[in-house]
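Working through the structure, step by step
Letter by letter, the chains look like this.
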Amino acid sequence: MDRVLAPQKPLSPSVIRAAVGPAVRRGAEHSWQVESLDWAGLDADRLTELDRSAVRFVTFIEDHLPGYLDWLLTTFPVTGADRDVAVFCANREYFRFFMTWAHEEERHASALTRYQLVAGIAESEDDLLVELAQEGTKPFSLPYEHPLQAFTYTLIQEKATQLFYQRFLAGVNEPVLRELLKLMARDEARHFALYSKLVAGYLEMDGPAAAPYLKDVVATFRMPLAATLTGYRRWSFQLADTLGYDHTEAYGALARLVSDFVDKPGRTGSDDVLQLIDSLGRLP
Ligand SMILES: [Fe+2]
Ligand SMILES: [Fe+2]
């Protein structure tokens, strides 16, 4: 695939603010605290080996937040002179959501870390924090320099994470983990909704010209840390297999978004967009 994509016009700041404002507000309305979970009621005897393994796995994924945030702020810089002011302005609007997003992802990482300690999955806080930091030293980056690629990636990834938590929840009996998985799945669903709105904004603005960016992401998608987390391949395969989870199910959400765009009155799908929907439906 030709990975050289033409530069895009940024979304207008009012379109971004109309998406970001309600997302930030909803984040505040549905806020929860790590301290509010019923830690005293945690019953570690109800955890299976699979539960323990999955908690360890997702703690690594969530706790890599500094790396993800660093990548976002590099991809959408909000400091520095000599920038195109329209791009800079768009980045500043995205920034408002990134702060809410980072706060919520940090809560996931902190809650999971606490969970490992209270449940006895990890025995020493210092050892756990150093182990997480060890993985945290590995740089995170994505091969996407255009905002639409970045948002398409995050849309799929947030949906995949939400589906993972829901699938995991279905087999968990321990009440605190159940509560935590519900709360995290809800947060991930909100993140997905915002990134969907931004991708929809690009479809509205660029129409079929947006399709190559989406196609590129679908062709190159890998879950975060797939290339760096020690043992990722075997670990994720084993969890997915046991939980009946498949991250490619998240592509369906993107396919629906594109179909909704094409199905609006007065729209016809260009070959590019129709091919995109078709390829999303046929992914392995
Ligand atoms: Fe998360
Ligand atoms: Fe998320």
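Residues numbered from 1 in each chain as written. Chains lettered and ligands numbered in written order. Predicted model: local features only at pLDDT ≥ 70, side-chain atom pairs only at ≥ 80, totals over all residues.

A look at the overall build of the chain
Broken down by element type, the chain carries 11 helices and 0 strands. Tracing the chain from N to C terminus, the helices and strands come up as α-α-α-α-α-α-α-α-α-α-α. Taking 19 Å as the expected radius of gyration for a compact globule of 284 residues, we find that the chain reaches 19 Å, a close match to that expectation. Expressed as lengths along the three principal axes of its C-alpha atoms, the size of the chain is roughly 60 × 45 × 35 Å. Relative to all contacts within the chain whose residues are 6 or more apart in sequence, the contacts with residues 24 or more apart total 84%. (Helix = DSSP H or I, 4+ residues; strand = E, 2+ residues; numbered from the N terminus. Rg over C-alpha atoms; globule rule 2.2 N^0.38 Å. Contact = placed C-beta atoms within 7 Å.)

A few points about the environment of Val15
Positionally, Val15 belongs in helix α1 (residues 13-29). Using a count of 19 C-beta atoms within 10 Å as the deciding quantity, one classes Val15 as partly exposed. Remark: the alpha-carbon pair of Val15 and Lys197, spanning 182 residues in sequence, is separated by 9.6 Å. (Buried ≥ 20, exposed ≤ 12 C-beta atoms within 10 Å, placed from the backbone.)

Quick look at the confidence of the model for the chain
The share of residues in the chain with pLDDT of 70 or more is 92%, and the mean pLDDT across the chain is 90. The secondary structure element of the chain with the lowest average pLDDT is helix α11 (residues 271-281), at 66, and the one with the highest is helix α4 (residues 85-118), at 97. (pLDDT = per-residue confidence, 0-100.)

Examining the nonpolar core
For soluble globular proteins, nonpolar side chains are generally found buried alongside one another. One finds Tyr115, Ile156, Leu180 and Val199 to be the most contacted residues of the largest nonpolar core, which totals 61 residues. Among the elements of the structure, α1, α2 (49-63), α3 (65-75), α4, α6 (147-170), α7 (175-206), α8 (211-220) and α10 (251-263) are those that each provide at least two residues to this core. Setting aside residues no more than four positions away along its own chain, Ile156 makes contact with Phe221, Ala250, Tyr251 and Leu254. (Core = buried A, V, L, I, M, F, W, Y, C linked by C-beta atoms within 7 Å.)

A closer look at the environment of Gly231
If you trace the backbone, Gly231 turns up in the loop between α8 and α9 (232-243). Take Gly231: there are 10 C-beta atoms within 10 Å of it, and that puts it in the exposed class. With 73 residues separating them in the primary sequence, Gly231 and Glu158 have C-alpha atoms 22 Å apart.

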